[in-house]
Amino acid sequence: MSTVIPKKRLASGLTVTQKVFVRSRNGGATKVVSEHYLRDDIPCYSKACTRCPEIVKPDANNQYPNFVLSDSPVYAEKYGHHYVVLDTNIVLLAIDLLENKDAFCDVIVPQTVLEEVRNRSFPIYTRLRALCKSDEKRFAVFHNEFSEDTFVSRLLNETINDRNDRAIRRCCDYFQKHLNQHRDKKVKQINVVFVCNDKKNRDAAAGAGIMADSLVDYVTNLPNGEDLLDFVPNMEDGPSFSHKKETKFPDYYTTARLMGGIKNGTLYQGSINISSYNFLEGTISVPSFKKPLIIMGRENLNRSFNGDQVVVELLPKSKWKTPSNEIVEEENMDANDNAEDGDSPNEIISDKERLFLLKEAQKASSEESSTRIQPTAKIVGITKRSWRFYVGQISENSVAKDSRTSNAARNCFVILMDRSLPKIRIRTRKAGELLGQRIVVAVDSWPSTSKYPEGHFVKSLGAIESVQAETEALLLEHSVEYKPFSKKVLECLPKEGHDWKVPTKLDGDEFIKKRKDFRDKLVCSIDPPGCVDIDDALHAKQLPDGNWEVGVHIADVTNFVKPNTPLDAEGAYRGTSVYLVDKRIDMLPELLGTDLCSLKPYVDRFAFSVIWTLDNDANIIDTNFHKSIIRSREAFSYERAQLRIDDASQQDDLTKGMRALLDLSIKLKQQRLDAGALNLASPEVKVHMDSETADPGEVEIKKLLATNSLVEEFMLLANISVAKKIYDAFPQTAMLRRHAAPPATNFEVLNEMLRVRKNMSISLDSSKALADSLDRCVDPQDPYFNTLLRIMATRCMMAAEYFPSGMFSYGEFRHYGLASEIYTHFTSPIRRYCDVVAHRQLAAAIGYESLDFSHRDKDKMELICKNINKRHRNAQFAGRASIEYYVGQVMKNNNNDTQEGYIIKVFSNGIVVLVPKFGIEGLIKLEVLGDANSAKFDDENFSLSFKDQNGDAKTISVFEHVNVQIKSVLDPATSKRKAQLVLV
Amino acid sequence: MSNKELYSPEGLRLDGRRWNELKSFTCKVNTHQTSSDGSSYVQQGNTKVMCKVNGPLEPKSKANSNNNNASITVNLNIASFSPVERRKRPKSDRRIKEMMTILEKTFSETVITKLYPRTQIIVDCYVLSQDGGILSAVANSVTLALIDAGIAMYDFVSSINVGLYNNSIPILDLNHLEEGDMSFLTLGIVGKSEKLAMMLLEEKIPFDKLETLLGIGISGAQRIKDLMDEELRKHGKLLISTAAS
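Residues numbered from 1 in each chain as written. Chains lettered and ligands numbered in written order. Predicted model: local features only at pLDDT ≥ 70, side-chain atom pairs only at ≥ 80, totals over all residues. Heavy atoms only, no water.

**Here we look at the overall build of chain A**
The condition that has to hold: Here a strand is any run of E in DSSP of at least two residues, a helix any run of H or I of at least four, and the numbering for each starts at the N terminus. Throughout this description, buried means an accessible area under 20% of the type-specific maximum (1.4 Å probe, protein chains only), exposed means over 50%, and partly exposed covers the range between. Between two residues, a contact is recorded if the distance between any of their heavy atoms is within 4.5 Å.
Looking only at helices and strands, chain A features 27 helices and 40 strands. Residue burial in chain A is summarised as follows: out of 984 residues, 54% are buried. Long-range pairs, those at least 24 residues apart, make up 66% of the contacts in chain A with a sequence separation of at least 6.

Shown next, in the form of structure tokens:
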């Protein structure tokens, strides 16, 4: 490494130097030389500065930089008015604290730090960049590497890290001097404080006359430091936990060994899925094995979290296990762990756990039916953590009663709402105060010497069971973005707001000229009652030749949501609207969703129309797509539409059209079912809210009317037609949706249960065979059995997914459930982003406008799909969790109901019962059922025999019909109100 | 390397330039007096190019002879040590061939070929080091060498490339990291006019952005022209002063 690199002054006030470093790749060393320009026009971004506003230059859009740093920053006794310069380690460890709005305003982020953060963790980098953008936090990035005054060259024998540290210190020094020299004389003295957790660096800074402090000391010295200390994450310098015990988790393999192992096939990589019934058992699906690999026991799970990307090593065949039949909950296993004194009283593996593992091992070896044994593995490395914010509450046991009022910092456990995750140990001063509240925590690390991961407190959501806290908690848990739309997004909306109207003159700009005027068609919309975001409307008209003209009109959202605007970016990020029982989290701002786009009756609206010519048997003769203008004649609810159709006295054209639609839809449905479309079921319920008190009233199973299926059939038809069209136009990047056929292994257990218990079977040869065999499985004694089976079959299915057409070959586009060759989502652009993309692609395909680059690029489309798939899944989970919460609340009001239930799963120490009436399922543990010791589990027959509480022998098995008493209880571990079931 | 910010929100590029700043540009003419009729050396950032012109001469084969015009042959040699990682490119490499064809076509239009019927002009270019924008550096060096050889031309051809970052921000004079990550346009401009003598686009650029890119490219190329003009005048003065003494 040469140390003297020549600098050359350029005419334009720039200096150019060279950056030289040696890069190693595949064992060889390459010398990389790149130019590095140093400049004198990088501003300090301080409002107090008199010089920098003179020298700034505009960017490509002719925007001048914003001077964000306040001229009267926060005051602390020790530091005076000051700006903060951050070191890399602070950003990496305490990004949550930096995001806190009560501290860390007016912060300077040197470019060196920004780049180091970027190399270390991209998510944190993104968050840091977001901070720099926000106006309230006043973070400024100072490009010290490009500034003539602060650039430092690497010295002989100096490591990169030392050079970077020196560059950061130089930056602090520059700022201090710059501020002293160029500060507006009317402004008070402003100091620069360097916050860094590296003692060596701090000492060097102090030597150079720079004020430097560690994060903890800095926060303590702030005026509101007391409240903030809790947010300071655990780190080396900070108050840490003591780990006296020598027992520990096995260390992870080195990266080189992991990469080598994956390459030569001795190690496998995958994402781990921890059972929600048994926190000691995880599975990983690996392409080279037909069955998923089992990972059992805390030591083999080796500090992994549910969803982490992990690397596993196969155990010898003698240690292979069968999947556990037992319910194991962490709370029972380690209830007595003490948060305060490290891990001293217990080792990582407790005796109880050993017992469990022993039992499993015995079972595996004694098993005559060795077919159920599955390959078993242990985790040897974690490539990507799935850590995010977690919601939970402080475990009551971990906070000693007498110390609840004291203000000293203490360790305590946080039990997370997600049962498959371990408890997290945090250190807080407010343990007493936080008891009984839903809190958000972040995980910092999981050292191999600690039984539990360590984290820190982020914020409190409110009291447990309060509607607001629970709603926010479930949104956070499913990473649903629920913040109000930002100013930038709202600025993209039409200026006229609610007064915006469809232009009356249709010879305006070229785009309006291209629209068809369908205002004379008798269009109406049919939606659930109270629906305000009306996506779709329909019409039908008989043509002179006896065929039918049928039109589906979809809200023209892309007329308002243009690509590459903040509004579009926000929509793409949210991906979908989320429907909770009492609340809707919109994908697009309300003005669009419920007014300008919504196809409300009696007003003109822009629409995107699909017009078919159908013959009397509902065969498609012709399909056309138009951007259009429509005027809906009426907005019906499903029930009112049904009444109108059934009312023979109504003979106007609109009603006739609706009747025709209903007829055609029945034929369409039959065509679909003949092709093998599945008719699956899910225990969906709806919670009625009391309109005055907003208390949940009663629970009802969703009813289906013929008009529901009317709308559904035409939406499916529109989606299929659009999918074909955009695939023709964009064979590589069309936005499509597929549903893969379920692998036979998914149905193995269900089929086995059916064979043993009911002497029935379901066939998986094709979707048609599956549909037919499901129809055959009817129990004459039990009309609900067929629905139950459909519910269970649904759970064995694969999830449908969005994808750009270039990702799969045509044969794999198939939508299994709908038995359609090709499919997309087009009909709900107000609440799904996929539809927005499909709209744009269709508009380009019919030559209405040119397609934005991002929808023509395969990589960009893959990113969009990945995000909306994730959002879609999360939205579904959030919706279900919301129903679960409200059903719990309803139970609270009418306790001790006796209801019918069905056993859907049998464990050796408990059963799972589904109650159709409320759509809930619950676990009944053996201890509650009766005498645990006398129980015998027969896993061949999926049945459990035991003596109940009265001492009578009883045998129960899967699919059996039972009566259960439903009680609403607050789960002591997760503090979720759940329905507890008791067999009667 | 893609984990770098190609263009930061503060408006700075990877190497510290702003969006419309050129790489450091230096050039020399008449560098190989003995081996050629005209020669030049151009350095744009770390892209270093040398060019030698021989001619007009008697064509070596009849195939290169044209009764009305001079024929221009361009040879492009890219040294195997010129990129960051050593790589040998055969002469038959399609991209090199394409560049040679483009250069031949461009200069056949700019050189007043009808003044030299039945002759051949041979242009040899050598790329010694690459850091993006090879074609534009080569085109600039050919212009200088042709002028040095005293061959009649209508005007300068000055060349530059311009890329589009994130489909929204135009960026002038890309280095090799930037070239790898965005689609870009290489332009050759005739003199101080806005006439295009050369244009090459290998990827896609949205049509509505093209005009902005052209505008920025043209102003960049004109700046290059001024820099080359300055160097040529300096060289001319030197020649006059030595001739006078």
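**Details of the overall build of chain B**
For the record, the criterion: Between the two quantities, the radius of gyration covers C-alpha atoms and the globule rule is 2.2 Å times the number of residues to the power 0.38. Accessible surface area values rest on a Shrake-Rupley calculation with a 1.4 Å probe, where residue burial reflects the displayed protein chains alone.
When helices and strands are tallied, chain B shows four helices and nine strands. Beginning at the N terminus, the succession of helices and strands in chain B can be written as β-β-β-β-α-β-α-β-β-α-β-β-α. The C-alpha atoms of chain B give a radius of gyration of 18 Å, which matches the 18 Å a tight globule of 245 residues would have. In terms of overall dimensions, chain B has C-alpha extents of about 55 × 45 × 35 Å along its principal axes. A total of 245 residues make up chain B; the buried ones form 58% of that total. Across chain B, the fraction of contacts at a sequence separation of at least 24, relative to all contacts at a separation of at least 6, is 69%. Summed over its atoms, the accessible surface of chain B is roughly 11,200 Å², and 51% of this surface lies on carbon and sulfur atoms.

**Here's the deal with the sheet that holds strand β13 (residues 293–296) of chain A**
Residue and element names in this part refer to chain A. Note the following rule: Pairing between strands requires that DSSP locate at least two bridges from one strand to the other.
Taken in spatial order, the three strands of this open sheet run β11-β12-β13, and their pairing is antiparallel. Of all strands in the sheet, those bounded by a partner on one side alone are β11 (273–274) and β13. Taken together, the two bridges between β11 and strand β12 (residues 281–284) define a ladder with antiparallel strand orientation. Bridge pairing in β12 links Ile-274 to Gly-282.

**Focus on the UniProt feature "domain: Exoribonuclease phosphorolytic" (unreviewed entry) in chain B**
Put simply, the rule is: UniProt positions are given in the numbering used here, feature names are shortened, and annotations may be inferred rather than shown by experiment.
This chain's UniProt record puts "domain: Exoribonuclease phosphorolytic" (unreviewed entry) on residues 21–151 and 155–218 of chain B. Each end of residues 155–218 of chain B is marked by a C-alpha atom, and these two atoms are 15 Å apart; helix forms 28% of the span and strand 42%.

**Some points on the packing of helix α3 (residues 111–120) of chain A against helix α4 (residues 122–133) of chain A**
All names here are of chain A. Put simply, the rule reads: An axis is simply a line fitted to the C-alpha atoms; with a helix, the fit covers only the stretch in contact. Between two such axes, the angle follows the N-to-C directions and lies from 0 to 180 degrees. An angle counts as roughly parallel when it lies under 35 degrees, as roughly antiparallel when it exceeds 145, as roughly perpendicular when it falls between 65 and 115, and as oblique in every other case. For this classification, the nonpolar set comprises Ala, Val, Leu, Ile, Met, Phe, Trp, Tyr, Cys and Pro, the charged set comprises Asp, Glu, Lys and Arg, and every other residue, Gly included, is treated as polar.
Relative to each other, α3 and α4 sit at 140 degrees, their axes nearing to 6 Å. Relative to α4, α3 is oriented oblique. Residues Leu-114, Val-117, Arg-118 and Arg-120 of α3 form the contact with α4, whose participating residues are Phe-122, Ile-124, Tyr-125, Leu-128 and Arg-129. Grouping the constituent residues of the contact of α3 with α4 by class yields six nonpolar, no polar and three charged.

**So, the side chain of B:Glu10**
Let me state the cut-off plainly: Here a polar contact is recorded for every N or O atom pair within 3.5 Å, except that within protein the pair must consist of a potential hydrogen donor and a potential acceptor, and residues adjacent in sequence are included only if both atoms are side-chain atoms.
Residue position: B:Glu10 is located in the segment before β1 (25–29). Within the local environment of B:Glu10, its side chain forms a polar contact with the side chain of A:His143, the two groups lying 3.0 Å apart. Those residues in contact with B:Glu10 that lie beyond four places of it in its chain are A:Tyr45, A:Arg129, A:Val141, A:His143 and B:Arg18.

**Some points on the UniProt feature "domain: PIN" (unreviewed entry) in chain A**
In the numbering used here, UniProt assigns the feature "domain: PIN" (unreviewed entry) to residues 82–203 of chain A. Across residues 82–203 of chain A, helical content stands at 51% and strand content at 15%; the span's end C-alpha atoms are separated by 20 Å.

**Description of the pattern of salt bridges**
Where side chains of opposite charge bring their charged atoms close, a pairing between them can arise. All names here are of chain A. Stated formally: For this document, the term salt bridge refers to a Lys or Arg side-chain nitrogen within 4 Å of an Asp or Glu carboxyl oxygen.
Inspection of every chain in the model, using the stated rule, returns 47 salt bridges over all chains. Glu-752 is the partner of Arg-755 in a salt bridge, and the nearest nitrogen-oxygen pair spans 2.9 Å. Placement of the pair is Arg-755 and Glu-752 together in helix α22 (residues 744–758), with a separation of three residues, close to one helical turn. For Arg-755, a relative accessible area of 48% puts it in the partly exposed group. For Glu-752, a relative accessible area of 30% puts it in the partly exposed group.

**With respect to a negative patch on the surface**
Put simply, the rule is: Residues enter patches when their relative accessible area tops 30% and they take part in no salt bridge; the joining distance is 9 Å for like charges and 5 Å for the nonpolar side chains Val, Leu, Ile, Met, Phe, Trp and Tyr. By the counting scheme adopted, Arg and Lys are positive, Glu and Asp are negative, and His together with the chain ends is not counted. Taken as the charge location is NZ of Lys, CZ of Arg, CG of Asp or CD of Glu.
A contiguous patch of negative charge on the surface is contributed by A:Asp102, A:Glu226, A:Asp227 and A:Glu433. For A:Asp227, the location among the structural elements is in helix α8 (residues 225–228).

**Thoughts on the interface of chain A and chain B**
Stated precisely, the cut-off is as follows: The buried area of a pairing is the accessible area, by a 1.4 Å probe, that goes missing from both parts when the two are put together, added over both.
Between chain A and chain B, the residue contacts involve 34 residues of the former and 32 residues of the latter. Summed over both sides, the interface between chain A and chain B buries roughly 2,700 Å², with carbon and sulfur atoms accounting for 48% of that surface. Between B:Glu10 and A:Arg129 there is a salt bridge; the shortest N-O distance is 3.0 Å. Top element by residues in the side of chain A that touches chain B is strand β3 (residues 28–39) of chain A. It accounts for nine residues. For the side of chain A that touches chain B, a count of residues per class yields 15 nonpolar, six polar and 13 charged.

**What about the sheet that holds strand β9 (residues 196–201) of chain B?**
All names here are of chain B. Pairing is antiparallel in the open sheet, where four strands are placed in the order β7-β6-β8-β9. Where the open sheet ends on each side, the last strands, each with one partner, are β7 (169–172) and β9. On average, each strand axis in the sheet is tilted by 25 degrees relative to the strand beside it, whichever way the strands run. Looking at chain direction, strand β6 (residues 157–165) and β7 are connected through four bridges and run antiparallel. Along β7, the bridge assignment pairs Gly-163 with Ile-171. Where helix α1 (residues 94–110) meets the sheet, it contacts β6 and β9, and its direction lies at approximately 165 degrees from that of β9. Where helix α4 (residues 207–244) meets the sheet, it contacts β6, β7, β8 (183–190) and β9, and its direction lies at approximately 140 degrees from that of β6.

**Some remarks on a positive patch on the surface**
Residues and elements named next belong to chain A. Together, Lys-384, Lys-866, Lys-870 and Arg-873 make up a positively charged patch on the protein surface. In terms of residues, the positive patch owes the most to one element, helix α26 (residues 858–893), which gives three residues. Tracing the sequence through the fold places Lys-870 in helix α26.

**As for the packing of helix α2 (residues 88–99) of chain A against α4(A)**
All names here are of chain A. Applicable threshold: Left-handed describes a crossing in which the near helix is turned anticlockwise from the far one by less than a right angle; the clockwise case is right-handed.
Here α2 crosses α4 at 40 degrees, and the two axes come no closer than 10 Å. At the point where α2 passes α4, the crossing takes the left-handed sense. For the pair α2 and α4, contact is made by Val-91, Leu-92, Ile-95, Asp-96, Leu-98 and Glu-99 and by Ile-124, Arg-127, Leu-128 and Leu-131, respectively. Among the residues making up the contact of α2 with α4, the classes are represented as seven nonpolar, no polar and three charged.

**As for the confidence of the model for chain A**
All names here are of chain A. Rule in force here: pLDDT expresses, on a scale from 0 to 100, how confident the predictor is about each individual residue.
When the pLDDT values of chain A are averaged, the result is 82; 88% of them are 70 or greater. The least confident element of chain A, judged by mean pLDDT, is helix α11 (residues 330–333) at 61; the most confident is helix α25 (residues 833–845) at 94. For residues 236–246, every residue scores under 50 in pLDDT, and the model assigns this stretch 23 contacts once sequence neighbours within four places are set aside. Here residues 341–346 scores under 50 on pLDDT; set against residues more than four positions off or in separate chains, the count is 11 contacts.

**Let's talk about the packing of aromatic side chains**
Residues and elements named next belong to chain A. How we decide: Aromatic contacts are taken between Phe, Tyr and Trp rings whose centres are within 6.5 Å, Trp giving its six-membered ring; a plane angle under 30 degrees counts as stacked, one over 60 as edge-to-face, and the others as tilted.
A full pass over the atoms with the stated rule returns 26 aromatic pairs over all chains. Where Tyr-45 meets Phe-67, the ring centres are 6.0 Å apart and the plane angle is 55 degrees; that geometry is what we call tilted. Here the residue Tyr-45 occupies a position in the loop between β3 and α1 (52–55), and Phe-67 occupies one in the loop between α1 and β4 (75–76), the gap between them amounting to 22 residues. Comparing Tyr-45 with Phe-67 shows no difference in burial state: the two are buried. With a centroid separation of 6.0 Å and an interplanar angle of 85 degrees, the aromatic rings of Tyr-174 and Phe-175 are classed as edge-to-face. The same class applies to Tyr-174 and to Phe-175, which are both buried.

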